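Breakdown of the fold
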Amino acid sequence: MSNDAATGTPTLDGPQQEPPAHGLGASLPPADARAKTEGTFPYAADLWAEGLLWAAILRSPHPHARIVSIDTAAAAEMPGVRAVVTHEDVPGDSAYGRRIADRPVFASEVVRHHGEAIAAVAADHPDTARLAAAAIAVEYEVLDPVTDPEKAFAAEPLHPDGNLIRHIPLRYGDPEITGEVVVEGLYRIGRQDPAPIGAEAGLAVPRPDGGVEIYTASTDPHTDRDLAAACFGLEPDRVKVVVTGVPGATGDREDPGFQIPLGLLALRTGCPVKLAATREESFLGHAHRHPTLLRYRHHADAEGRLVKVEAQILLDAGAYADASSESLAAAVAFACGPYVVPHAFIEGWAVRTNNPPSGHVRGEGAMQVCAAYEGQMDKLAAKLGVEPAELRLRNVLATGDILPTSQTVTCPAPVAELLRSVRDFPLPPLPKDTPEAAWLLPGGPEGAGEPGAVRRGVGYALGMVHMLGAEGADEVSTATVKVHDGVATVICAAVETGQGFATLARQIVQETLGIEEVHVASVDTDQPPAGPAAHGRHTWVSGGAVERAAKMVRTQLLQPLAHKFGMSTELLQITDGKITSYDGVLSTTVTEAMDGKELWATAQCRPHPTEPLDASGQGDAFVGLAFCAIRAVVDVDIELGSVRVVEMAVAQDVGRVLNPAQLATRIEAGVTQGIGTALTENLRTTRGVVRRPDLTGYALPTSLDAPDIRIVKLVEERDVVAPFGAKPASAAPVVTSPAAVASAVRAATGRPISRLPIRPQAAVAAVPTVPAGS
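One structure accompanies this document, and this report is about it. (Residues numbered from 1 in each chain as written. Predicted model: local features only at pLDDT ≥ 70, side-chain atom pairs only at ≥ 80, totals over all residues. Heavy atoms only, no water.)

To continue, consider the packing of aromatic side chains. Within this structure, the stated rule accounts for six aromatic pairs. Seen from their ring centres, Phe-153 and Trp-349 are 5.9 Å apart, and the 85° between their planes marks the pair as edge-to-face. With a gap of 196 residues between them, Phe-153 in the loop between β10 (137-142) and β11 (164-172) and Trp-349 in strand β19 (residues 343-352) connect regions that are remote in the sequence. Overall, Phe-153 belongs to the partly exposed group, its relative accessible area being 43%. Between Phe-283 and Tyr-698 the ring centres are 5.4 Å apart and the planes differ by 55°, which places this aromatic pair in the tilted class. Taken together, the positions of Phe-283 in helix α6 (residues 279-285) and Tyr-698 in the loop between β31 (689-690) and β32 (708-715) put the pair 415 residues apart, joining distant regions of the chain. Neither Phe-283 nor Tyr-698 differs from the other in exposure class; each is buried. If you follow Lys-36 out to its NZ or CZ, it ends over the ring of Phe-41, 5.0 Å from the centre. (Phe/Tyr/Trp six-rings, centres within 6.5 Å; stacked < 30°, edge-to-face > 60°. Helix = DSSP H or I, 4+ residues; strand = E, 2+ residues; numbered from the N terminus. Buried < 20%, exposed > 50% of the residue type's maximum accessible area, 1.4 Å probe, protein only. Lys NZ or Arg CZ within 6 Å of the ring centre and 35° of its normal.)

Take the sheet that holds strand β18 (residues 306-318) next. Ordered in space as β11-β19-β18-β17-β12-β33, the six strands form an open sheet in which the pairing is mixed. In this open sheet, the two strands that pair with only one neighbour each are β11 and β33 (755-756). Examined bridge by bridge, strand β12 (residues 181-189) and β33 share two bridges and lie parallel to one another. Bridge assignment links Arg-188 to a residue of β33, and that residue is Arg-755. Contacting β11, β18 and β19, helix α7 (residues 324-333) crosses the sheet at an angle of about 20° to β11. (Pairing = 2+ DSSP bridges. Contact = heavy atoms within 4.5 Å. Axes fitted to C-alpha atoms, helices over the stretch in contact; angles between N-to-C directions.)

Quick look at the nonpolar core now. If you look at the biggest cluster of nonpolar residues, it comprises 109 residues, and the most contacted ones within it are Tyr-296 and Val-741. The contact partners of Val-741, leaving out residues within four places of it in the chain, are Ala-632, Val-634, Val-645, Met-648, Ile-675, Ala-678, Leu-679 and Ile-758. (Core = buried A, V, L, I, M, F, W, Y, C linked by side-chain atoms within 4.5 Å.)

Interhelical geometry of helix α11 (residues 501-513) versus helix α12 (residues 537-565) gives an angle of 30° and a closest axis separation of 9 Å. Judged by the inter-axis angle, α11 sits roughly parallel to α12. In the packing of α11 onto α12, the handedness of the crossing is right-handed. When α11 is examined against α12, the residues Phe-501, Leu-504, Ala-505, Ile-508, Val-509, Thr-512 and Leu-513 are found in contact with a partner set consisting of His-538, Thr-539, Ser-542, Gly-543, Val-546, Glu-547, Ala-550, Lys-551, Val-553 and Arg-554. In terms of residue class, the contact of α11 with α12 is made up of nine nonpolar, five polar and three charged. (Parallel < 35°, antiparallel > 145°, perpendicular 65-115°, else oblique. Left-handed = near helix turned anticlockwise from the far one by under 90°. Nonpolar A, V, L, I, M, F, W, Y, C, P; charged D, E, K, R; others polar.)

Our focus in this paragraph is the pattern of salt bridges. As a working rule, side chains carrying opposite charge can pair if their charged atoms are close by. Under the counting rule described, the total for this entry stands at 35 salt bridges. For the salt bridge of Glu-347 with Arg-171, the shortest nitrogen-to-oxygen distance reads 2.2 Å. Placement of Glu-347 in strand β19 and of Arg-171 in strand β11 is noted, with a sequence separation of 176 residues between them. With relative accessibility at 17%, the residue Glu-347 sits in the buried group. Lys-727 is the partner of Asp-653 in a salt bridge, and the nearest nitrogen-oxygen pair spans 2.6 Å. With a gap of 74 residues between them, Asp-653 in strand β29 (residues 643-653) and Lys-727 in the loop between β32 and α15 (731-749) connect regions that are remote in the sequence. The exposure classification of Asp-653 matches that of Lys-727, with both residues buried. Beyond isolated ion pairs, a larger network of salt bridges with shared partners links Glu-374, Asp-378, Arg-392 and Arg-746. (Salt bridge = Lys/Arg side-chain N within 4 Å of Asp/Glu carboxyl O.)

Within the fold, Gln-527 resides in the loop between β23 (518-520) and α12. The class of Gln-527 is buried, set by a relative accessible area of 12%. There is a polar contact of 2.7 Å between the side chain of Gln-527 and the backbone oxygen of Ser-522. (Polar contact = N/O pair within 3.5 Å; in protein donor to acceptor, adjacent residues only side chain to side chain.)

This is the structure in structure tokens:
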């Protein structure tokens, strides 16, 4: 698959064919698209129940403090207040965590980050709840915060588990080897927030059996249920999590810190309790991308072929562990990028600080190192006097090569093809002297710069991500497919977070059973688990489970007909709701063959196992890999340092295109998120205190910041171990695009650009280049 050069619209290579109306390969629209556009989609913030109470959470104003006392009397006595809970009211486990249970439900003795929960209130009006939370008197002994991750090694322990969460020393090859050419660099990546469209919200309803039901936008409901039940002191079957509409998720929905206080208040009051977080609470409460410090040294021969890579990677985990161990594994494993490196020595650490907690955000670990190793490739190209794209082509990874973790790349790895595609794609035209030209200047028509100060730069980046969980994670999903009266229903606890699983499940059943009307049931924890919505899991694992269940139903449907006509089921096919035999003897409809029966089947999908990285960072830790190449074109005002991204040309390794329109949307969204990382998004802190936690202080890219995104090529080389052969689509462009933008700004300005997001002062040109309009 490639793109129309003029429009960037994905088109099939070779003779053009009409796309199918339904099934795999069709651009089937999302079933909930109309409800979302009309504003009738049921999000958690819209929920209501009879006798509803409202919750509010008191949060710490300090990043590090000892709690001397908590006095809730004034809050409890306020009219309309029904309950106040603190750490003393948690009946079960006092702390939770998806990997390490180190994060308290409510702080008890020590506050470890700005915004940490201290207490929660339930009242009959949201304003009353907020006033009551503010009335809780907390006496703090303020302590010096540890906010520099480099100082965390020698600092006093911030947590009983210590400050070091994980250390990975990767050793691969000969440490004494050196190259003829050496380049070094120090890189810093800022704290990106997921910034969901809708802030966190939920409703907890007590049950007659003493349990509780929690309605929320969870992306991993079974894990959320288990964590909440442990804190409630209940068996998991007495806690039910029902997934409401998810207003987008890139990791921010994975923190149950909003759900557990809700459930506690519902159990305490015996009434439904609702919490709708403010934007400030959302920024302070959920996890962010790890700020990262990276030191690199690349060795190469005189032709620019890599000899050795040395790196030190330090992830700031914030106050609690969360997903830091997994993020560090990805960062260390992919520290050399999609390049052949015969010798690699990488030191990786994840440490606790008093900064806001870090966790899972799309492309975690891989994005940070991509920005650094691509910066190194630009430095190496400049030192050797080689074109940046050519230098990369001399080193690219291919199927059969070996990663520095000693894992062989067995999946398709068309990295060279991807890079050539974006390199050879026509460059966008230079801006013309027209009345609309002001809109094309960096900073827009209100910018103070002069057109003569604008320089154009072209940059390249190659990125890679892993699919599914890593290091021995047990990836499994279960799905049920039912068919009755010509309608199919899919039951699977895979949450639709915007990645398109619900649409894909419909397409799979349409393809396998020839039934056009397919419904996907809503998700709750009464269903078997399907795992979290991350790393393309649901396309692979949950989609694979749906396919297997649908094939089992297909066999049930066809076996009686095959037996009747004395042939194998393999000689029958289903197309557009009709069953036909290879010889034309049999021709009937699916509805007639069903004859009023209900058919159903349940199946699981579990990919091949992986293993943890060993003491020297070696091991087959990943199920599969996906790759992306991006060429960025930017215009930079070299006097003001303002940057406008003109075009992003993308080539991606997707395995198989299952839904062309949906795939293009995912890639475009990933690229845009990456542009935010490169230019604007940085949750700033001062000694651990978050500055302006709102959408004014935190600058998200808008439609005016989005460039032309050209999907130049989609390589459909199927991964034989993946269901349908498809690969995840959205993480790879998120990982790759920030590095590409930084590379283009380097080309325009001659500056090193070693920090993301790029500050204006860093983009002021050091050397003259050709003006964009010349």
